[in-house]
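Residues per chain, in single letters:
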Amino acid sequence: MGRGASSNSIPEIENARFLFVIGSNTTEAHPVLALRIKKAVRNGATLVVADPRAIWLTKLAKRHLQLRPGTDVWLLNAMMHVILEEGLQDDEYIRANTVDFDAVREIVMRYTPEDAEKVTGVPAEAIRATAREYATERHAAIFYTLGITEHACGVDNIWSLSNLVLMTGHLGYESTGLNALRGQNNVQGLNDSGANPMYLPGYQAVDDPELRRKFSEAWGAEVPETPGYRLDQMMSGLHDGRVRALVLIGENPAQTEPNARHVEEGLGKLDFLLSQDIFLHDMTSKHAHVVLPASSFAEKDGTFTNTERRVSRVRRAAPLPGEAKTDLEIVLLLARALGTHWPEYPDAESVWNELADLAPAWYGLRYDRIEENGIQWPVPELGHPGTQFLHAPRPARPGGAKFYPVEYQRPIEEPDSEYPLVLSTGRTLYHYNSATMTMRESGITEKQEDPFFEISAEDASALGLAEGDWARLLSRRGALEARVHLSERVYPGLVWMALHFAEQKVNWLTHDVGDPLIGTPEFKISAVRVEPVA
Amino acid sequence: MVEFTLDGRTVTASDGELIVHAAARHGTFIPTLCHDDKLDPYGGCRMCVVDVEGAPRPMPACATRVAEGMAISTNGQITDYQRTLTEMLLSEHLNASPGGRPNELRDLATELGVDAPVILPDAKREEYDDRNQLMGYDPDACILCARCVRYTQEVMQCSALSLEGRGGHSRIVPTWGLSWLDTECELCGGCLSTCPTGAIYEKFEEGTERPESALEEVRTTCTYCGVGCQIDLKLDPGTKHIVKVTSKDEYLPNEGNLCVKGRFAFNFVHHPDRLTRPLVRGEDGELHPTTWEHALETAAAGLRKVIDEHGPQAVGFLSSARLTNEENYLIQKLARTGVGTNSVHSCEST
C-alpha cells in the first residue's frame, strides 16, 4: 500500500462494526488497546478471531477460527475466494486505486474453502461466513501482530491481508483498514528514525543515490553506499566472520533471537562487543568488552511513536543512578570518541528538529505541538493537524496499491515422529520481552514467575504430566525445563511458551530460518518433544 | 439538539446528552460520586440529584438525559440533599485515606462545609486482607458506589470484583471471595483508578501520611508495548523516586486506562541491580568498574581496530525500541557516518 504503519487509529476501534483479529493476542500484548475492541463488541460489533490458540478475546468473539499454525495464507486466500465467487469485492475501488488485481484473482480461485478446511482445520462454512461478514461491512477493520509476521512466510501473510483489504476497499476512512499492532513501545519510532539497514530516517531508501546525497550533505559526512546487514544477517555474520564487532543498545539477542544458544556462541567469537544497557545480564557479563550504564525511560527526554503513528513526549522525571548517562549522551560521547564532527546537540529537541528537517512526513511535527497529546504522522507542514488514517483519499503508493499474488508455503520445520509437537511462542500480560524490568517487580512475579508452557490435557496425560509438574522441552537446537500448564487454549499437538524466562529461554528451541525477504524469524513454529523430568 | 432550562437560563443539549454533561458545558458543576464517564450511567449515590419540573422526586443528573423543554434546577433544596447525603456517607466513612489517594467525598464535604454529625455505631466494617502486593482495599473508606465492580464488568469485561453482603456489612470482594491473584483479575488497577474515595489504593502506599497531591507529577509515555499510553509518574519530592503511576481521562490514546505493567512495573527504575558505573573487561577476563573516559577510549579503540582491520562493514549496531526516536536517530547517524556502515537494526524489526 505504500506505508509501513497501521492505517487507522486506536480511538476509532470502538466504532468499527466488524473486527477481524488475526495473530494478535491483544488483551495480553496490547491490553489497553484491547479495551477498545472490548468496547466495540459491547457496542454491538462482530468480532472474529483467527488464532491457533483460544486466546481471551475468543470469549467475546462470534467465531473463533482456530487455524493450524502457519496456514494463514490458506485461510486468507480462501476468504478471498469466497468474496470473488460471490461478487462481494469492490470493483470500483480496485479499478481506481490498485494494480495487479488479476494475478490475485487467478491464484485465489484455486483456494476453495473446502480445501482450506483440510489444511487449516477451520470449517469451510466458518470461512465463508467470515468472508461475507468482512466484505459486506463498511466499517470492517483488521488487526494483526506477530502471529502474522513471525513466520518464514511472514511477508506472504501480510501481502495476503493487504490483498483482502484492497479487494474490499476497506481503506482510507474511519474505523477500518489494516492495522499492524506494534509490539514494543517504540518499534514504530525506531524504524521511522532510520535504525534500519534499508532506510534513512523517514523511510528514505539508502539505495537511492539522491537521498544518500541529501543526507550526506546535511550531515557533512558520506552515507555509505554498501547495503547494511539486517538483524538475521548480523547474527549469521557472527559465525562466518563478516561481523567482528557489535554495538548492543538495550538488546539481548541471546534471549530474544531464535536458536539463542547459537547466537550466544556467535557473540563469544566477536573481536569487540559493546553493550549499553540499564542492567547487566548473563550474556553481557560473559561476552561484553565494555558495558556502559544507560538510562530508563523515566530518566530521559525525547519522544516515542506508538502503533498508530502518534509521536508523544517522553520526559525526564527521575535522576540517573550513580554515574549512568542518558543513551543520547552516551551516543554523543561515543561519536566524539570515534572522531566525528557533529553539531552540538544541547537537548533531545535539537536532535528531533534535525530529524524533522530531513524527513518530509515529520517536517511539521515539532515539540511545541506535542506538549499535551501526541500527533500522528504524516505531518508534512507546520500547522498540519496530523493524520488520523492513512491512504485517503487513495493509497499512498504512487500508481496505486499493489496486489501481490501469494501461494501457500509449508512451515520450515514440521512435527515428525521424533519431535511430534508444534511449539509456538509469544508474550504474556505480566511480562515484557526478556523481562529484565518486569521480573524485578515482586507484585507481578507473585502472579507469574516460574517458566511454564501451555499444553493440552490430552497431550499431558499421554505423557503422564500434571498441572505444575516440571517437564523438559527438546528441539533439534536445544532443551529447557518448564512447568506444565494444562490449558484449553491449545489443542492436542500444539504447545506454547513465552519468551520472558531468562533461566529457561524458549529461543534455545526455536530455529533461525526466517523470511527470505526481510529475515523475520519463524518464532511461531518449531517442532519439539516434551518429556517428564525424571 | 434540544432546548431546556437550566436554573432559569434557556440553553441547549445534544440529543441524548446526560444532564450532568450538558450542565457542565454550560458552566454548572453538579457533584457526582458514583459516576465515571467510562461507565454506563448508574445513578446509585444520588449526590447529583437535580429538580426537574414536573418530576415527582429529584432526578440523578448522571443518569437522566436532557429532554426538550425540561426545566432543571440545581440549587434551592437540592444543596440540602447534597449536604445531608454527604453527612450520611461521612458518618460511616471511618478512614479518609488509607493509601493517600484523592478522596472526592472529603473534598465535597469541605466544599459544602459539612462534617460527620455522628459516627454510626455499626460503621466499622469487617477488616479485609489479601495476599496480593499491588492493590489494597479498606472497607471503612468505601462508599459502595460500585465504580470498581462496574469497571471490571464494563471496561475490562472480566469477573474480578463483586459487592458482598447487605446493608452495613456490605463491602467489595474479589469474586467468589478468592484472592485478587486467583480471580480473572488482570491486576490492571482500573478499580483503584476509578475509586472516588481511595478505598482501593496502591497497597505499597498503605499507611502513608503523604497525600497524592504532595507528589511531583511528570507526564510521559509508558515504556511497555506499542500502545503508547500516556502516564503521570508520581515522584516523592524528597527521594525523587517514582512511588506510583497514574493517568488521566483526557490523555490519548488510553483515556486514563492502564495495564498491570504500565501502572505497577516501575520499580526497575530504582532497582539496586541498575548499572551505575561503566565496566571494562580486564586482563583477568572479568568486568571491572572504571571511569567514563577509560570506558569510552576502550570502546572507541575496540571499534576502530575492527574497522581498520576488517572495514566498517564488520561492525553492526543493534538498537532498541526502548530508546527514544532521538536516540535511535543518533545511533543510525553514528553507524552511518561515525563508523561507515548501514548495518543498524534491532531485535524488533517486525
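Keep in mind it's a predicted model, so treat the numbers as computed, not measured. (Residues numbered from 1 in each chain as written. Chains lettered and ligands numbered in written order. Predicted model: local features only at pLDDT ≥ 70, side-chain atom pairs only at ≥ 80, totals over all residues. Heavy atoms only, no water.)

Structural notes on the side chain of R281 of chain B
Defined as follows: Runs of H or I in DSSP of at least four residues are treated as helices and runs of E of at least two as strands, each being numbered from the N terminus. Under the rule applied, a polar contact is a pair of N or O atoms within 3.5 Å (in protein, one hydrogen donor and one hydrogen acceptor; residues adjacent in sequence only if both atoms are side-chain atoms).
In this structure, R281 of chain B sits in strand β13 (residues 279-281). From its side chain, R281 of chain B meets the backbone oxygen of G285 of chain B in a polar contact 2.7 Å long.

A look at the pairing of strand β12 (residues 242-246) of chain B
Residue and element names in this part refer to chain B. So the rule is basically this: Burial classes: relative accessible area under 20% of the type maximum marks a residue as buried, over 50% as exposed, and values in between as partly exposed (1.4 Å probe, protein chains only). In this analysis, strands are considered paired if DSSP registers two or more bridges between them.
Burial analysis of β12 places five of its five residues in the buried class, which makes it a mostly covered element. In this structure, strand β11 (residues 230-235) lies alongside β12, joined through four bridges in antiparallel fashion. The partner of D232 across the bridge, within β12, is T246.

A closer look at the sheet that holds strand β2 (residues 46-50) of chain A
Note on sheets: strands pair through backbone hydrogen bonds, and any given pair is parallel or antiparallel. Residue and element names in this part refer to chain A. Applied cut-off: Lines fitted to the C-alpha atoms define the axes, with helices restricted to the stretch that makes contact. Angles between their N-to-C directions range from 0 to 180 degrees. Here a residue-residue contact requires only that any non-hydrogen atoms of the pair lie within 4.5 Å.
Read across the open sheet, the five strands follow the order β3-β2-β1-β5-β6; overall the sheet is parallel. Each edge of the sheet is formed by a strand with only one pairing partner; in this case those strands are β3 (63-65) and β6 (177-180). Each neighbouring strand pair of the sheet contributes to a mean axis angle of 20°, computed without reference to strand direction. Here strand β1 (residues 18-22) pairs with strand β5 (residues 140-144) via five bridges, running parallel. Paired with V21 across the strands is F143, a residue of β5. In the packing of helix α3 (residues 72-85) onto the sheet, the strands contacted are β1, β2 and β3, and the crossing angle to β1 comes to about 155°.

Notes on the state of the cysteines
In plain terms, the rule: Cysteine sulfur atoms are paired as a disulfide whenever they come within 2.5 Å of each other.
Summed over all chains, the structure comprises zero disulfides over all chains. With no disulfide of its own, C225 of chain B has C229 of chain B as its nearest cysteine by sulfur position, at a separation of 6.1 Å.

Points about the domain arrangement of chain B
Put simply, the rule is: These domain boundaries are the output of an automatic or database domain assignment.
In terms of domains, chain B is made up of domain 1 (2-75), domain 2 (92-270) and domain 3 (293-346). Look at where the C-alpha atoms of domain 1 of chain B and domain 3 of chain B centre, and you get two points 62 Å apart.

A closer look at empty space enclosed by the protein
All names here are of chain B. Defined as follows: Only protein atoms enter the 1 Å grid used here, on which a cavity is any set of points holding a 1.4 Å probe that cannot leave and a pocket is any open set flanked by protein within 12 Å on both sides along at least five of seven lines; residues with an atom within 4 Å of a point are listed as lining. Grid points are joined across faces, edges and corners, and a volume is the space filled by probe spheres set on the points. In the scheme used here, Gly and all other residues not listed as nonpolar or charged are polar, with Ala, Val, Leu, Ile, Met, Phe, Trp, Tyr, Cys and Pro taken as nonpolar and Asp, Glu, Lys and Arg as charged.
Overall, the coordinates contain nine cavities of 30 Å³ or more when judged by the stated rule. The space that makes up the second largest cavity amounts to roughly 90 Å³. T152, A160, C185, C188 and C191 are, among the 15 residues lining the second largest cavity, the residues nearest its centre. It is helix α4 (residues 147-156) that contributes the most residues to the lining of the second largest cavity, three residues altogether. Per-class residue counts for the lining of the second largest cavity are 11 nonpolar, three polar and one charged.

Thoughts on the packing of aromatic side chains
To describe a pair of aromatic rings, one takes the distance between the centres and the angle between the planes. Rules: Here a pair means two rings of Phe, Tyr or Trp (six-membered ring of Trp) with centres within 6.5 Å. Their orientation is stacked below 30 degrees between planes, edge-to-face above 60, and tilted elsewhere.
Scanning the entire structure with this criterion turns up 18 aromatic pairs over all chains. An angle of 85° between the planes, with centres 6.1 Å apart, marks the rings of F204 of chain B and F264 of chain B as edge-to-face. Here the residue F204 of chain B occupies a position in the loop between β9 (200-202) and β10 (216-221), and F264 of chain B occupies one in helix α6 (residues 260-264), the gap between them amounting to 60 residues. A residue is classified by how much of its surface remains accessible, and F204 of chain B, at 37% relative accessible area, is partly exposed. Here F264 of chain B falls in the buried class, since its relative accessible area comes to 1%. Ring geometry for F204 of chain B and F266 of chain B: centres 6.0 Å apart, planes at 75°, overall edge-to-face. With F204 of chain B in the loop between β9 and β10 and F266 of chain B in the loop between α6 and β13, this residue pair connects regions lying 62 residues apart in the sequence. Connected via pairs of aromatic rings, a cluster forms that spans Y199, Y203, W362 and W377 of chain A.

Considerations on the interface of chain A and chain B
As a reminder of what qualifies: Buried area is understood as the total, over both parts, of accessible area removed when two parts are fitted together, assessed with a 1.4 Å probe. Any carboxyl oxygen of Asp or Glu that lies within 4 Å of a side-chain nitrogen of Lys or Arg is treated as forming a salt bridge with it.
Each partner contributes residues to the interface: chain A has 150 residues there, and chain B has 113 residues. The junction of chain A with chain B conceals about 11,300 Å² of combined surface from both sides, 61% of it contributed by carbon and sulfur atoms. If you sort the residues of chain A by the area they bury against chain B, R42, F297 and L338 of chain A come out on top, with a joint share of 6%. The tally of links from chain A across to chain B stands at eight salt bridges. Residue E354 of chain A is joined to K333 of chain B by a salt bridge in which the shortest nitrogen-to-oxygen separation is 2.9 Å. Linking chain A with chain B are 72 residue pairs in polar contact (both at pLDDT 80 or more), by the criterion used here. A per-element tally of the side of chain A that touches chain B places helix α16 (residues 327-337) of chain A first, with nine residues.

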